[in-house]
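Here is how the chains run, residue by residue.
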Amino acid sequence: MSPEAHSAPRSLAEALRARDDASLGALLRSRPDLITPVPTDLTQLATRAGTRASVLRALERLDRFALQTAEALAVAPDPAPYGTLLGLMAGDGGDATVAAALPRAVGTLREQALVWGDDDRLRLVRTARELLAPSPQHPSPTGLGPTVQEATSGMSPGRIQEIVTTAGLPSTHDSVSAVAALTTLFTTRKKMAALLAGAPEAAREVLSRLVWGPPYGQVTPDPAAHLRWLLDRGLLLPTGPGTVVLPREVALHLREGHAHRTTEPLPPAVGPAAAHSPKMVDATAAGQAYTALATVEELLKDWDEGGPAVLRAGGLSLRDLKRTAVALDVSEPVAAFWVELAYAAGLLASDGEADERYAATPAYDEWLERPAAERWALLAQAWLAGTRTPGLVGGRDAKDRALSALGPGLDRSAAPEVRHRVLTLLAGLPQGTAPDTESVLARLRWERPLRGPQRDDDLRIRLARWTLSESELLGVTGRGALSTHARALLGTPAPSAAPGSAPPTTTGPATGSAEPATPTPGSPGTATPTPGSPGTATPATGFPTSGSPAPDGPGDKLPVHHHRPAVSHAVLSPAEQAKATAAAARLLAPLLPEPLDHVLLQADLTAVAPGPLQRPLADVLGVLAEVESKGGATVYRFTPASVRRALDAGRTAAELHAFLTRHSRTPVPQPLAYLIDDVARRHGHLRVGAASAYVRCDDDALLNEIVADKRAAALGLRRLAPTVLAARSDPATLLEGLRAMGYAPAAESAEGDVLITRAHAHRTPPRTAPDPVPDGPPPPDGTLLAAAVRAIRAGDLAATTPRKTTGTPVAGGELPRTSSAETLATVQAAVLTGDSLWIGYVNAEGTASQRVIAPIRVEGGFVTAYDHTADEIRTYPLHRITGVAELADG
């Protein structure tokens, strides 16, 4: 037996055992479900990596070519040489692009522990083969059917001999050799071509219909002559009454060796739709960023005294969403986006009262005090990392319940990944270039083909479409192109591409595979770099890559490929993300307009704000006037009601005149001064108090006028004194009724003082922003990875170290069993000799484990030892040690 055969792994556990720590760390990083909890040894890690749920998750994160490679291995012999796999992927004629990309795909599968073994014995893990191999219940994506051996497993030996004889082969002494001879015939290209040359035209047409799948067909009990010709030669084999199948070997011959109709080794390029000046893109994005800030402020200002009620099932009612959309002057889906954005940023929440309502949080007041650029960066970061999906509002959930804004059921764990990926693809284009939407969607389908069917209602595709529209609303993009401040937020440097040059090829998905550049036969890009060579890249996982030189000749053994998948964008740590957010705010700040301290008053009782206003000016003007139109310049209109609102808030006429004079670049128009004086003169002339309510006025003629007015009948007024009217209505209703009649009453306290009706901001108790719903276990950090790899190695050492038999023999995987006296004597002897021992240990929680320790001392019922498993000195109670065994010599 050759040395290579001795070193070849016989199981996935042995293959993992042969890996270095960097490779194990890369596996645990790419499949974080394997580390929760940390496996005790490599055998347990291999078992967990082969479970159905874990394999499904790993397959879902493969790109199309890596998945096609796994599908080809599922229909290849087990194990399959690398050359056989290459033939299935590239066909008989070969394909240089496929040949150049295949080592990367095999390396990806190997790193993900979906494939193990050397290149001459590639094995797909059993669960993946069961999921991807063809069966009548689960057709293979390749469209291939069962092999000749599988299809003839239930056939009588006599029938098999008849097929072999009719196919022109000599009869054999048993069915096994007959099936082998038939398989050899179907896999020999020249012999198969000669056999099919004599087929009737109708028979060849039947084969052409089945060749690309599905491979099953129906036949009658008395098939036609051309079908009988195929059945007699085994080109179609029966699988049941009236059902036949095209054997896999026959289909591969007709396909010229291709496992797939179309092999896609390279990702679709993201094509440009339009090119703009980067300055124009940044200016447009900055303008939209300012609009986003103004919209969020307007929304929460509208809900300042308490927003809409919370539905019993949670969320915002459709009626309240419509009212919010009207108030913001946007469509309902856009209103849902702004509401959800404020909620995701922690600026909005429910107040938790008995009559629960939505309101701003204390964090909103802190947010208002920040500079505009920082406020935008916080909103953008909340949108980028959030899992709540506003685009789902108005739809139905799995139980046919309506999905409402701020309600349950809107979290989609894939949302952050898709947003990052879409923006990363945009970042790969030259600055100022807007992408073609369909090319972006095609790229996403290639990167995650198993995440959903290739249709527009696939969640990832809808998330991508929503990302493109929401990023434009938020000011992340401008005119469809990624802005400079958004690149900083992503931590992505701008590409240095000359004008008119082709967009660079971006890297693959976060846990998927790298996309190789388009190879040219003989080009340097098609060779696998050797370790330490200038072309060897270090991936974002933090573990070094490894490679193998190309074979010298056809007779050389194919190398074991260990290509590492690249990462589209590194996962930023909290500190790195804080730096990126601050950098984005610095880049955006110069592009935002400076707040103004003045307005332009006009004779038609309007004021024009030519830009954003400073906060104190905007707050006062928002009370004194009504917003008539928005845009680059905001138009305010002064009305009797708005002036009365300012007087109710405690302002005097003199203060309002001084305020307008101080903040207007134009003289105060006479009509506006008259309006203020006229409303102020009548303001408070009537006084409303609590009787249930009363009206008092020094002018009894005015009270007579009110009592005689038919519109006052609903208020239930009656005269108590010449200057006092009592009412059945409450004070608030009485105030509104008199104001509707054209009067300007003021409310007064029980002491007779005028009540100032200044708006009181309603705030919720302190609330935290909603936590994103993770898509599976979070990726481990470097510290956890290093500790996990060390623990797995040490546990594997304890499980595999040869040991002497002591006490009761131990079966594989069981803890050693020795008596207390034997345990104490063996440990004491090890202290004297300095030898290491293998022990079984049960902790206080009842968890059993096996460890390799080097005892240092024994006293008081405890043994202090260096624990190779934990890589530290520990103390163990002797009564918790189930047994002990000496390690074998050497």
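Note that this is a predicted model, so its numbers are computed, not measured. (Residues numbered from 1 in each chain as written. Predicted model: local features only at pLDDT ≥ 70, side-chain atom pairs only at ≥ 80, totals over all residues. Heavy atoms only, no water.)

**Some thoughts on the overall build of the protein**
Turning to step 1, where the next piece is worked out: Within the protein, the secondary structure is distributed over 34 helices and 25 strands.
Turning to step 2, where the next piece is worked out: A fraction of 66% describes how many contacts in the protein between residues 6 or more apart in sequence connect residues 24 or more apart.
Turning to step 3, where the next piece is worked out: Accessible area for the protein stands at about 41,500 Å²; split by element, carbon and sulfur atoms hold 55% of it. (Helix = DSSP H or I, 4+ residues; strand = E, 2+ residues; numbered from the N terminus. Contact = heavy atoms within 4.5 Å. Areas by Shrake-Rupley, 256 points an atom, 1.4 Å probe, with all protein chains shown as cover.)

**Comments concerning the sheet that holds strand 5 (residues 243-245)**
Sheets are built from strands paired through backbone hydrogen bonds, the pairs being either parallel or antiparallel.
Turning to step 1, where the next piece is worked out: As summarised here, the arrangement of the three strands in space is 3-5-4, forming an open sheet in which the pairing is antiparallel. The outermost strands of the open sheet, each flanked by one partner alone, are strand 3 (216-218) and strand 4 (237-240). Sheet twist, expressed as the average angle between the axes of neighbouring strands with direction ignored, equals 40°.
Turning to step 2, where the next piece is worked out: Pairing of strand 4 with strand 5, which is carried by three bridges, proceeds in the antiparallel orientation. Along strand 5, the bridge assignment pairs Leu 237 with Val 245. (Pairing = 2+ DSSP bridges. Axes fitted to C-alpha atoms, helices over the stretch in contact; angles between N-to-C directions.)

**So, the pattern of salt bridges**
For side chains bearing opposite charge, pairing can occur when the charged atoms are close.
Turning to step 1, where the next piece is worked out: Per the counting criterion, the structure on display carries 37 salt bridges.
Turning to step 2, where the next piece is worked out: Residues Arg 388 and Glu 340 are paired through a salt bridge, measuring 2.6 Å at the closest nitrogen-oxygen approach. A residue pair is termed long-range when its members are at least 10 positions apart, and Arg 388 in the loop between helix 21 (372-385) and helix 22 (415-427) and Glu 340 in helix 19 (residues 332-344) qualify at 48 residues. For the pair formed by Arg 388 and Glu 340, the shared burial category is buried. (Salt bridge = Lys/Arg side-chain N within 4 Å of Asp/Glu carboxyl O. Buried < 20%, exposed > 50% of the residue type's maximum accessible area, 1.4 Å probe, protein only.)

**A word on the packing of aromatic side chains**
Any aromatic ring pair is given by two values, namely how distant the centres are and how the planes are angled relative to each other.
Turning to step 1, where the next piece is worked out: Enumeration over the complete set of coordinates arrives at four aromatic pairs.
Turning to step 2, where the next piece is worked out: Between the aromatic rings of Tyr 841 and Tyr 876, the centroid separation amounts to 4.8 Å while the plane-to-plane angle is 70°, which identifies the pairing as edge-to-face. With Tyr 841 in strand 21 (residues 837-842) and Tyr 876 in strand 24 (residues 872-877), the pair connects residues that are 35 residues apart, well separated along the chain. Residues Tyr 841 and Tyr 876 agree in their burial class; the two are buried.
Turning to step 3, where the next piece is worked out: Its guanidinium or amino end placed over the ring of Trp 367, Arg 375 lies 5.3 Å from that ring's centre, counting from NZ or CZ. (Phe/Tyr/Trp six-rings, centres within 6.5 Å; stacked < 30°, edge-to-face > 60°. Lys NZ or Arg CZ within 6 Å of the ring centre and 35° of its normal.)

**Looking at the side chain of His 598**
Turning to step 1, where the next piece is worked out: On the secondary structure map, His 598 appears in the loop between helix 26 (574-588) and strand 12 (600-602).
Turning to step 2, where the next piece is worked out: Side chain to side chain, His 598 and Asp 597 meet in a polar contact 3.3 Å long.
Turning to step 3, where the next piece is worked out: When near neighbours in sequence (up to four residues on either side) are disregarded, His 598 contacts Pro 610, Leu 613, Leu 617, His 663 and Arg 665. (Polar contact = N/O pair within 3.5 Å; in protein donor to acceptor, adjacent residues only side chain to side chain.)

**Overview of the packing of helix 12 (residues 175-187) against helix 13 (residues 189-197)**
Turning to step 1, where the next piece is worked out: Running from N to C, helix 12 and helix 13 point in directions that differ by 85°, and their axes come no closer than 5 Å. Taken together, the axes of helix 12 and helix 13 are roughly perpendicular relative to one another. Here Leu 185, Phe 186 and Thr 187 of helix 12 lie close against helix 13, whose contacting residues are Arg 189, Lys 191, Met 192 and Leu 195.
Turning to step 2, where the next piece is worked out: Counted by class, the contact of helix 12 with helix 13 contains four nonpolar, one polar and two charged residues. (Parallel < 35°, antiparallel > 145°, perpendicular 65-115°, else oblique. Nonpolar A, V, L, I, M, F, W, Y, C, P; charged D, E, K, R; others polar.)

**Details of the environment of Gln 112**
Turning to step 1, where the next piece is worked out: The residue Gln 112 is located in the loop between helix 8 (96-111) and strand 1 (115-116) in this model.
Turning to step 2, where the next piece is worked out: For Gln 112 and Ala 49, which are 63 residues apart along the polypeptide, the C-alpha to C-alpha distance reads 8.8 Å.

**Structural notes on the sheet that holds strand 22 (residues 848-859)**
Turning to step 1, where the next piece is worked out: Strand order in the open sheet formed by five strands is 24-23-22-21-25, with antiparallel pairing between adjacent strands. The open sheet has two edge strands, strand 24 and strand 25 (881-886), and neither has a second partner. In this sheet, adjacent strand axes meet at a mean angle of 45° when their direction is disregarded.
Turning to step 2, where the next piece is worked out: The pairing of strand 21 with strand 22 spans six bridges and is classified as antiparallel. Paired with Ile 839 across the two strands is Arg 851, which belongs to strand 22.
Turning to step 3, where the next piece is worked out: Contacts between helix 34 (residues 820-833) and the sheet are confined to strand 21, strand 22, strand 23 (862-867) and strand 25, with strand 22 contributing the most and set at about 60° to the helix.

**As for the nonpolar core**
Turning to step 1, where the next piece is worked out: If you look at the biggest cluster of nonpolar residues, it comprises 89 residues, and the most contacted ones within it are Leu 28, Phe 186, Leu 235 and Leu 236.
Turning to step 2, where the next piece is worked out: Counting residues per element, this core draws most heavily on helix 6 (residues 64-74), at seven residues.
Turning to step 3, where the next piece is worked out: If near-sequence neighbours (up to four positions away) are discounted, Leu 235 is found in contact with Phe 186, Met 192, Leu 195, Leu 196, Leu 207, Trp 229, Leu 230, Val 245, Leu 246, Pro 247 and Val 250.
Turning to step 4, where the next piece is worked out: One finds Leu 321, Leu 429, Ala 585 and Leu 588 within the second-largest nonpolar core, a separate group that totals 69 residues. (Core = buried A, V, L, I, M, F, W, Y, C linked by side-chain atoms within 4.5 Å.)

**Topic: the pairing of strand 25**
Turning to step 1, where the next piece is worked out: Counting buried positions along strand 25 yields five of six residues, so the element is predominantly enclosed.
Turning to step 2, where the next piece is worked out: Sheet analysis places strand 21 next to strand 25, joined by five bridges and oriented antiparallel. When the bridges of strand 25 are listed, Leu 837 appears paired with Glu 886.

**Section: a negative patch on the surface**
Turning to step 1, where the next piece is worked out: Where like charges cluster on the molecular surface, the negative patch consists of Asp 698, Asp 699, Asp 700 and Glu 705.
Turning to step 2, where the next piece is worked out: With respect to the secondary-structure elements, Asp 698 resides in the loop between strand 17 (693-696) and helix 31 (700-708). (Patch = residues over 30% accessible without salt bridge, like charges linked within 9 Å, V, L, I, M, F, W, Y side chains within 5 Å. Lys, Arg positive; Asp, Glu negative; His and termini not counted. Charge placed at Lys NZ, Arg CZ, Asp CG, Glu CD.)

**A look at the side chain of Asp 33**
Turning to step 1, where the next piece is worked out: Note on placement: Asp 33 falls in the loop between helix 3 (21-30) and helix 4 (42-49).
Turning to step 2, where the next piece is worked out: Summary of buried charges: Asp 33 has no salt-bridge partner, and the nearest side chain of opposite charge, Arg 31, is 4.7 Å away.
Turning to step 3, where the next piece is worked out: Dropping the residues within four chain positions of it, Asp 33 is found in contact with Arg 48, Ser 54, Arg 57 and Pro 777.

**Comments concerning the packing of helix 28 (residues 640-648) against helix 30 (residues 670-682)**
Turning to step 1, where the next piece is worked out: Two elements in contact, helix 28 and helix 30, have axes whose closest approach is 10 Å; the angle formed by their N-to-C orientations is 60°. In this view, helix 28 runs oblique relative to helix 30, as classed from their interaxial angle. Where helix 28 crosses over helix 30, the two elements pack in a sense that is right-handed. When helix 28 is examined against helix 30, the residues Pro 640, Val 643, Arg 644 and Leu 647 are found in contact with a partner set consisting of Leu 675, Ile 676, Val 679 and Ala 680. (Left-handed = near helix turned anticlockwise from the far one by under 90°.)

**A word on helix 6**
Turning to step 1, where the next piece is worked out: Counting buried positions over the eleven residues of helix 6 gives eleven, a clear majority of the element.
Turning to step 2, where the next piece is worked out: Its side-chain oxygen placed 3.1 Å from the backbone nitrogen of Phe 65, Asp 63 serves as the N-cap of helix 6.

**Some words on unusual backbone geometry**
Turning to step 1, where the next piece is worked out: With an omega of -10°, the peptide bond running from Thr 36 to Pro 37 counts as cis.
Turning to step 2, where the next piece is worked out: At the junction of Asp 78 and Pro 79, the peptide bond is cis and its omega measures out at 0° in the coordinates.
Turning to step 3, where the next piece is worked out: For Pro 79, the location among the structural elements is in the loop between helix 6 and helix 7 (82-90).

**Re the environment of Val 219**
Turning to step 1, where the next piece is worked out: In this structure, Val 219 sits in the loop between strand 3 and helix 15 (225-232).
Turning to step 2, where the next piece is worked out: For the pair Val 219 and Val 244, spaced 25 residues apart in the sequence, the C-alpha separation amounts to 7.1 Å.
Turning to step 3, where the next piece is worked out: When sequence neighbours within four positions are dropped, the list of residues in contact with Val 219 reads Leu 227, Gly 242 and Val 244.

**Topic: the confidence of the model for the protein**
Turning to step 1, where the next piece is worked out: Looking at the protein as a whole, the pLDDT averages 82, with 85% of positions reaching at least 70.
Turning to step 2, where the next piece is worked out: Here residues 496-570 is a poorly scored stretch, pLDDT under 50, and it has 142 contacts once near neighbours within four places are set aside; other chains count.
Turning to step 3, where the next piece is worked out: This stretch, residues 806-813, has a pLDDT under 50; its non-local contacts, to residues over four places away or in other chains, come to 13 contacts. (pLDDT = per-residue confidence, 0-100.)

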